[in-house]
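Structure at a glance
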Amino acid sequence: MLLSASVLNLIFNNVFAIVKFNYLISTNLYFRTPCPPPQADFRIEINTLFTCSCEPTCKSLKTCCADYSEFCVEISPYSGSIMGGTEFVILNATFNNTSNLVCRFHGNAVTEGYVDGDRRGHCVSPLLYRTGLVSVEISSDNGTTFSRTGTWLSVHTGKLDSKFKAAMVNSTQWQYYGTPNVGGTLNMTWNPSLVRADKVNIELWGYRETGEPYETDWRAEWKYLYTLAKDHPNTGSFSFVPKPGQNGSSSWELGSVRVNCKSKGVFSSSHVQAVWTEDHALAWQLEEKFRQTSSAWALDKCLAWDKLEERIPSFIRELIDCPCTLAQARADTGRFHTDYGCDIEKGSVCTYHPGAVHCVRAIQASPLYGAGQQCCYDSNGTQVLTGDSIGGSTPDRAHDWGSPPYDIPPHVPGQSHWVYDVLSFYYCCLWSDNCQYYFKHRPSSDCRQYKTPSTAVVFGDPHFVTFDGVSYSFNGRGEYNLVTSESKQLSVQGRTEPVSGTINATKLTAVAMKESYFDIVEVRLASDQNSLEVLRDGKSLSFSEQSWIDLNGVSVFSPSPTNVTAMFRSGAGVEVRLREGIMTTTVLLPESFKSTTLGLLGRMNGDPADDLTLNNGQVVQNQSNPEEVFSFGAITQLSSLFTYDTKYLLDTYASGPKHHVGFIPVFSIPENPNDPLANETSKICSGEGSQFCRYDILVGRSPSMGNASRASFQSHISLMKALAPVAACGYVAAPANGEKLGVSYVQGAKLTFSCNDGYTLQGSQDRVCQENGQWSGEMAQCVGPSIVLILIITMAVLYCKRQSRYDNVTLS
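It should be emphasised that the depicted structure is a prediction, and the values quoted were computed from it without experimental measurement.

Before going further, it helps to spend a moment on the packing of helix α14 (residues 690–698) against helix α15 (residues 703–722). With their axes 7 Å apart at the nearest point, α14 and α15 run at an angle of 160° to one another. Between α14 and α15, the crossing angle belongs to the class labelled roughly antiparallel. Seen from above, α14 lies across α15 with right-handed handedness. Taking contact as the criterion, the partners of Phe692, Cys693, Asp696 and Ile697 in α14 are, on α15, Pro703, Met705, Gly706, Ser709, Arg710 and Phe713.

In this section: the pattern of salt bridges. Where charged atoms of side chains with opposite charge meet at close range, the side chains can pair. Counted under the stated rule, the structure contains 32 salt bridges. Its salt-bridge partner being Arg701, residue Asp675 comes within 2.8 Å of it at the nearest N-O pair. Residue Asp675 is located in the loop between α12 (647–654) and α13 (678–684), and its partner Arg701 is located in the loop between α14 and α15; the two are separated by 26 residues in the primary sequence. One salt-bridge network, held together by shared partners, links Glu309, Arg397, Asp421 and Arg442.

Next up on the list: the sheet that holds strand β35 (residues 573–579). The sheet built from 8 strands is open, its strands ordered β25-β24-β23-β36-β35-β34-β33-β32 with antiparallel pairing. Only two strands of the sheet have a single neighbouring strand rather than two, namely β25 (471–473) and β32 (548–550). When the angles between neighbouring strand axes are averaged without regard to direction, this sheet yields 15°. Here strand β33 (residues 554–560) pairs with strand β34 (residues 563–568) via 5 bridges, running antiparallel. Its bridge partner lying in β34, Val554 is registered against Phe568.

Let's shift gears to the environment of Ala281. Tracing the chain through its elements places Ala281 in strand β19 (residues 280–281). Overall, the relative accessible area of 0% leaves Ala281 in the buried class. In the structure, Ala281 is positioned 105 residues away from Tyr176 in sequence and 8.4 Å away in space, judged by C-alpha atoms. With sequence-adjacent residues up to four places away left out, Ala281 is seen in contact with Trp174, Gln175, Glu253, Leu254, Trp418, Leu423, Tyr426 and Trp431.

Under the counting rule described, the total for this entry stands at 41 aromatic pairs. Where Tyr427 meets Trp431, the ring centres are 6.4 Å apart and the plane angle is 50°; that geometry is what we call tilted. There is no split in this pair, since Tyr427 and Trp431 are both buried. One aromatic cluster is present, formed by Tyr176, Phe290, Trp297, Trp305, Tyr352, Trp418, Phe425, Tyr426, Tyr427, Trp431, Tyr438 and Phe439 through successive ring pairs. The cationic tip of Lys488 hangs over the ring face of Phe593; the distance from NZ or CZ to the ring centre is 5.9 Å.

Between two cysteines, a covalent bond joining their sulfur atoms is known as a disulfide. What the rule picks out here adds up to 10 disulfides. One disulfide in the model links Cys302 with Cys428; its S-S distance is 2.1 Å. With the S-S bond torsion at 105°, the cross-link from Cys302 to Cys428 turns out right-handed. You can see Cys302 sitting in helix α7 (residues 294–311) and its partner Cys428 sitting in helix α9 (residues 415–430), a full 126 residues away along the chain. Since its relative accessible area comes to 0%, Cys302 is described here as buried. Classification of Cys428 by relative accessible area gives buried; the value is 0%. Paired through a disulfide, Cys729 and Cys769 show a sulfur-sulfur distance of 2.1 Å. Disulfide Cys729-Cys769: the torsion about the S-S bond is 90°, which places it as right-handed. Taken as a pair, Cys729 in the loop between α15 and β38 (738–741) and Cys769 in the loop between β41 (766–768) and β42 (781–783) lie far apart in primary sequence, 40 residues in all. Per residue, the accessibility class of Cys729 equals that of Cys769, and both read buried.

So, on to the nonpolar core. Core analysis: the biggest nonpolar cluster contains 102 residues, and Ile90, Trp431, Tyr472, Leu482, Met513 and Leu589 have the highest contact counts within it. Sort the elements by how many residues they give to this core and α9 lands first, with 10 residues. The residues touching Leu589, leaving out its near neighbours within four places in the chain, are Pro453, Ser454, Phe467, Val483, Leu490, Ala572, Thr597 and Met604. By size, the runner-up hydrophobic cluster in this structure holds 23 residues, among which are Ala166, Val200, Leu204 and Val275.

Moving on, we get to the sheet that holds strand β22 (residues 374–377). If you trace the 3 strands from one edge of the open sheet to the other, you get β20-β21-β22, paired in antiparallel fashion. Either end of the sheet is taken by a strand with one partner, and the two such strands are β20 (336–338) and β22. Across the sheet, the mean angle from the axis of one strand to that of its neighbour is 30°, orientation sign disregarded. Two strands pair when backbone bridges link them, and β20 and strand β21 (residues 358–362) are joined in this way by 3 bridges, in the antiparallel orientation. By the bridge assignment, Phe336 is partnered in β21 with Ala362.

So, on to empty space enclosed by the protein. Counted according to the given criterion, the structure contains 1 cavity of 30 Å³ or more. If you trace the largest cavity, you find it lined by Cys685, Ser686, Glu688, Gly689, Ser690, Cys693, Arg710 and Phe713. At the level of elements, α14 and α15 are the ones that each hand at least two residues to the lining of the largest cavity. Looking at the lining of the largest cavity, its residues break down into 3 nonpolar, 3 polar and 2 charged.

Before going further, it helps to examine the side chain of Gln273. Within the fold, Gln273 resides in the loop between β17 (254–261) and β18 (274–276). Looking at Gln273, its side chain comes within polar contact range of the main-chain nitrogen of Arg196, at 3.2 Å. Residues contacting Gln273, with those up to four places away along its chain left out, are Gly85, Glu87, Val124, Leu194, Val195, Arg196, Val259, Asn260 and Cys261.

Right, let's get into the environment of Leu677. Summarising the element assignment, Leu677 is placed in the loop between α12 and α13. For Leu677, a relative accessible area of 15% gives the class buried. The spatial distance from the C-alpha of Leu677 to the C-alpha of Arg701 is 7.8 Å, given a sequence separation of 24 residues. If we skip the residues at most four places from it in the chain, Leu677 touches Ile697, Leu698, Arg701 and Pro703.

For helix α11 (residues 626–633), the full list of buried residues reads Val629, Phe630, Phe632 and Gly633. The buried residues of α11 occupy an angular sector of 155° when the element is viewed end-on, so they sit on one face. Buried residues along α11 sit in contact with β25 and β26 (478–485). Where α11 starts, the residue carrying a side-chain oxygen 2.9 Å from the main-chain nitrogen of Glu627 turns out to be Asn625.

So, on to the side chain of His353. Topologically, His353 is positioned in the loop between β20 and β21. Separated by 3.1 Å, the side chain of His353 and the backbone oxygen of Gly391 make a polar contact. Aside from chain neighbours lying at most four places away, what touches His353 is Cys359, Gln374, Cys376, Gly391, Gly392 and Thr394.

This brings us to the pairing of β34. Here β34 lies mainly inside the structure; 6 of its 6 residues are buried. Burial along β34 is two-sided: the face carrying Asn563, Thr565 and Met567 and the face carrying Val564, Ala566 and Phe568 are both buried. Adjacent in sequence and paired antiparallel, β33 and β34 are bridged by 2 residues. With 5 bridges joining them, β34 and β35 adopt antiparallel strand pairing.

Conventions and cut-offs
Starting afresh in each chain, residues are numbered from 1 along the sequence in its written order. Side-chain atom pairs in this predicted model are given and counted only at pLDDT of 80 or more, local residue features only at pLDDT of at least 70, and totals for whole chains, interfaces and linings cover all residues. Hydrogen atoms and water are omitted, and side-chain values are computed over all heavy atoms in the structure. Here the axes come from fitting lines to C-alpha atoms, over the contacting stretch only for helices, and the angles between their N-to-C directions go from 0 to 180 degrees. Numbering of helices and strands runs from the N terminus, with a helix taken as a DSSP run of H or I at least four residues long and a strand as a DSSP run of E at least two residues long. We call two directions roughly parallel when the angle between them is under 35 degrees, roughly antiparallel when it is over 145, roughly perpendicular when it lies between 65 and 115, and oblique otherwise. Two helices crossing with the near one rotated counterclockwise from the far one by less than a right angle form a left-handed crossing, whereas a clockwise rotation gives a right-handed crossing. By definition, residues are in contact when any of their heavy atoms lie within 4.5 Å. Any Lys or Arg side-chain nitrogen located within 4 Å of an Asp or Glu carboxyl oxygen qualifies as a salt bridge. The rule for pairing is simple: two strands pair if DSSP sees at least two bridges between them. The classification of residues rests on relative accessible area computed with a 1.4 Å probe and restricted to protein chains. Under 20% of the type maximum is buried, over 50% is exposed, and intermediate values are partly exposed. For this analysis, a ring pair means two rings from Phe, Tyr or Trp (six-membered ring only for Trp) whose centres lie within 6.5 Å, classed as stacked if their planes differ by under 30 degrees, edge-to-face if by over 60, and tilted for the remaining angles. The criterion is that NZ of a Lys, or CZ of an Arg, lies within 6 Å of the ring centre and within 35 degrees of the ring normal, and then a charge sits over that ring. Note on terminology: pairs of cysteine sulfur atoms within 2.5 Å are recorded as disulfides. Residue types Ala, Val, Leu, Ile, Met, Phe, Trp, Tyr and Cys, when buried and joined through side-chain atoms within 4.5 Å, form a set referred to as a nonpolar core. Using a grid of 1 Å spacing that covers the protein atoms alone, one calls a set of points a cavity when a 1.4 Å probe fits there but cannot get out, and a pocket when the set is open and has protein on both sides within 12 Å along at least five of seven lines; lining residues are those with an atom within 4 Å of a point. Grid points are joined across faces, edges and corners, and a volume is the space filled by probe spheres set on the points. For this classification, the nonpolar set comprises Ala, Val, Leu, Ile, Met, Phe, Trp, Tyr, Cys and Pro, the charged set comprises Asp, Glu, Lys and Arg, and every other residue, Gly included, is treated as polar. Pairing of N or O atoms within 3.5 Å defines a polar contact, subject to two protein rules: one partner must be a possible hydrogen donor and the other a possible acceptor, and residues neighboring in sequence count only if both atoms are side-chain atoms. In this context, the arc is that of the directions from the helix axis out to the C-beta atoms.

As structure tokens, this is what we get:
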């Protein structure tokens, strides 16, 4: 019997959806995935179907197909700029010297490669219109068949390390060139090793979006414009005096300069080894009219943009509100992430938000228009609003980081944002003084509708604090549901293993999570016990080159080997931290998850009484009884998301029970004054949460574990404080012909109003934001003398007329 590739793939998909591939290994069902040419209609004898594997786990289980290393390849480096130009080598595969190598990215972008003297294949990444992991297919017969597969990580220009970019020396000069008092020579530098050539070409490329916004003809386009220098020595520097672009190129207002090796004499090729500058406003090559009257030129552009914004749909209403405080913004890691352009951790260089020290962006783009939210804060932690400052928070028609489907406007990462949100800021605010037009369409979101997420944590030996604040310990051995939400299709699972072979206590060693039909992310304790390993659908991810990876339906941020955060489309966030070899997992869920969750982290409904509910619906009556609590925790109905890639995991967790009933932990803390760890326990464990610290030292026999538990619990308390709800009363403008003192609009904030000379204040001079979200007092107005005089004269005339009628009546 023969199976076609399509039938085989159908089998794979159905089986994988029910039980992870790795579980099948334990029953000797070794499926072979289609590593041979995916375009060929290959056939496999049924008796070979169960003999080998091309799954990522096959390496550790030693069940790989003989052709695994040839057809399921790795590449190095594995990441590079969305702009392309990064050369990589194809690992664990050899080629013939006569091979015509071609690489295809995301099914359509094709670049030519070559084979070196060691028969290793090389390719160059192309200019793409998307970020995240994309497929790479490799052909050795000039594109007739693509027999090898891998992945490539395309990185947003702003998130790419500066050492991989060409630098515009004094970028302000580049982007203000031609405005009053800005001119002269422009300079740029780069690392010569990024372009392996003695001489390079230096080119200008432009970006634009054509067609009618939100219609089917809306298109994104990068285009070669002209060459600034040919055969320039690759010294790592270049200087020039710019001139207005010729042959229509001066109409391109956004672009990037590329330094590349000469390729077959074709300067406009987008698929050669190269290094790019940041994309930027092309002030330096705009038409002569801009140089003559830049402010008037910019105002015309600003007014044209204003008319466009009036015509196309508004996106403001579908955006999430900003957090009220900087503390909330930095703590809500499931929905907001640091804006790389204004980062307090890196010196707060907030070019477009003067007065702010930190900005965050909503991680997810809005569902209909792909719009983004940006929220900025000052040194007091107060949100900066555009009504008060040019540096205020601004929403974006196009999310800076892009969003699926990526390739079309306004979803193109970086560039769509430039076209609709940044260039217009230059027109209205930076190249002219007409910010009122910009802020009319990009007003700050205040935080009246913002709701902080709920948070729960598991740490130590292990101990749990539910979403509703119930604290308990559960030392079962097995795999358990930490959080499940059927309506939101979210599942977060945890695996616990014994602390050691002689101690009846367990610790968390792996967390697997998934939302809807998207990728499975697993974070587990690495073999060295001092770092975390991240897997995507069973395959290990590397963060050695980049700290942020966009996957299918989930993004993963890992700034260090002991720190991982997964962010889902729903706004759910899962943080995993490693302290002293002990994993701590924090789950943050937005309000939309209310009353939908089950699992060891409880029901998120504001009622702690029902958090510990048994399988039969009964609630644990005595939450301080560790044996009753253990009965609750032992409930497990788990469809596993975990990867089983060692014999130990297969035998212990894949084919074994999800809850090991034979493992009975120590339920209570032993009280033995003669315990050699008693004094150290007293020194380390004090204050709130001390019982967890004491358990981990006296039962787990590990002061370091106790210290880690204490730190984890304190971090959770700090997180809860940062996420404490804050009442907000909304923005209040200064009265016409008057002034306002105060820029905070949350509970306890005070605004003081005054009037200019010759005007009288009506309403309240002081207004305070109250706990109910309402301002005290009455709206302040400044009444001018002319109005007062008119009122007096009008009243006098009316009085005289009334008196005259009265006198006439009396005389008659």
